Amino acid sequence: MADPLPVSVPLRTATLGGRKPVRFDLRPDAAQRKALALLLGISAIAALRFKGELRPLGRSDLVLEARLDATVIQPCVISLAPVTTRIGAPVLRRYLRDYVQPAEDGAEMPQDDTDEPLPDSIDPGAVMTEALALALPDYPRAPGAVYGGVAVAPPGAMPLGDADPKPFAGLADLAKRLSGGNGGDGGDTGP
């Protein structure tokens, strides 16, 4: 069994009938934000709010519409200095009773990825965690951080720089000269 999420508020779909929306306003405390940061592999979550509602969609389906607002701290991909990012994103999920899963393993992902099968319970805390994970910057970069490249060489050798001659740069020209300059067919006409 998987570890429980730091913020979990499961709502049973059987009790969500009727025409009234169920509103939620999740504001995880410091301990929950720390646990979420650990779960997501980031340095910290300074602020987090997930506010929205779960409401009927048609006769038997549900829609979750919310707003995710967060301030996260991640290490810079270049210098490892802390990078603070402000996230603000709308979140939409439609839970459909008659949802049809794509049949093939190689099926293309539909352009509208907000539809999901209607589960027995919907957890706004889990949706918040997923939405935050998807909204995190992939490559946070501190102001002024510049990638200088990687220089690799065997022990005792100097790495090649941009101005140094490249050992394989002349191979194409050499191959052309050896083939007689006739497009690389070797010049061999054979018997």
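Calculation criteria
Residues numbered from 1 in each chain as written. Predicted model: local features only at pLDDT ≥ 70, side-chain atom pairs only at ≥ 80, totals over all residues. Heavy atoms only, no water. Helix = DSSP H or I, 4+ residues; strand = E, 2+ residues; numbered from the N terminus. Buried < 20%, exposed > 50% of the residue type's maximum accessible area, 1.4 Å probe, protein only. Contact = heavy atoms within 4.5 Å. Patch = residues over 30% accessible without salt bridge, like charges linked within 9 Å, V, L, I, M, F, W, Y side chains within 5 Å. Areas by Shrake-Rupley, 256 points an atom, 1.4 Å probe, with all protein chains shown as cover. Salt bridge = Lys/Arg side-chain N within 4 Å of Asp/Glu carboxyl O. Axes fitted to C-alpha atoms, helices over the stretch in contact; angles between N-to-C directions. Parallel < 35°, antiparallel > 145°, perpendicular 65-115°, else oblique. Left-handed = near helix turned anticlockwise from the far one by under 90°. Nonpolar A, V, L, I, M, F, W, Y, C, P; charged D, E, K, R; others polar.

**A short note on the side chain of Thr71**
Along the chain, Thr71 turns up in strand E4 (residues 61-75). The exposure class of Thr71 is buried, given its relative accessible area of 18%. In contact with Thr71, not counting residues within four places along its chain, are Ile45, Ala46, Ala47, Thr84, Thr85 and Arg86.

**A few points about a nonpolar patch on the surface**
Side chains of Phe168, Leu171, Leu174 and Leu178 sit close together on the surface and give an oily, nonpolar patch of about 450 Å² of accessible area. In this fold, Leu178 is placed in helix H3 (residues 171-178). For Leu178, a relative accessible area of 68% corresponds to the exposed category.

**Digging into the pattern of salt bridges**
Using the criterion set out here, one finds 10 salt bridges in the structure. As a salt-bridge pair, Arg55 and Glu65 come within 2.7 Å of each other at their nearest N and O atoms. Of the two residues, Arg55 sits in strand E3 (residues 44-57) while Glu65 sits in strand E4, which places them 10 residues apart along the sequence. Look at Arg55 and you get partly exposed, because its relative accessible area is 26%. A residue is classified by how much of its surface remains accessible, and Glu65, at 39% relative accessible area, is partly exposed. Ionic pairing is found between Arg93 and Glu116, a salt bridge with its closest N-O pair at 3.4 Å. Here Arg93, found in strand E5 (residues 82-96), pairs with Glu116, found in strand E6 (residues 115-117); they are 23 residues apart in sequence, far enough to count as distant.

**Remarks on the packing of helix H1 (residues 30-40) against helix H2 (residues 124-135)**
Running from N to C, H1 and H2 cross one another at 55 degrees; their axes reach a closest spacing of 11 Å. Judged by the angle between their axes, H1 and H2 are oblique. Remark: the crossing between H1 and H2 carries right-handed chirality. Facing Leu36, Leu39 and Leu40 of H1, the residues of H2 in contact are Met128, Thr129, Leu132 and Ala133. Split by residue class, the contact of H1 with H2 holds six nonpolar, one polar and no charged.

Take it as geometry only, folks, not as evidence of what the structure does.
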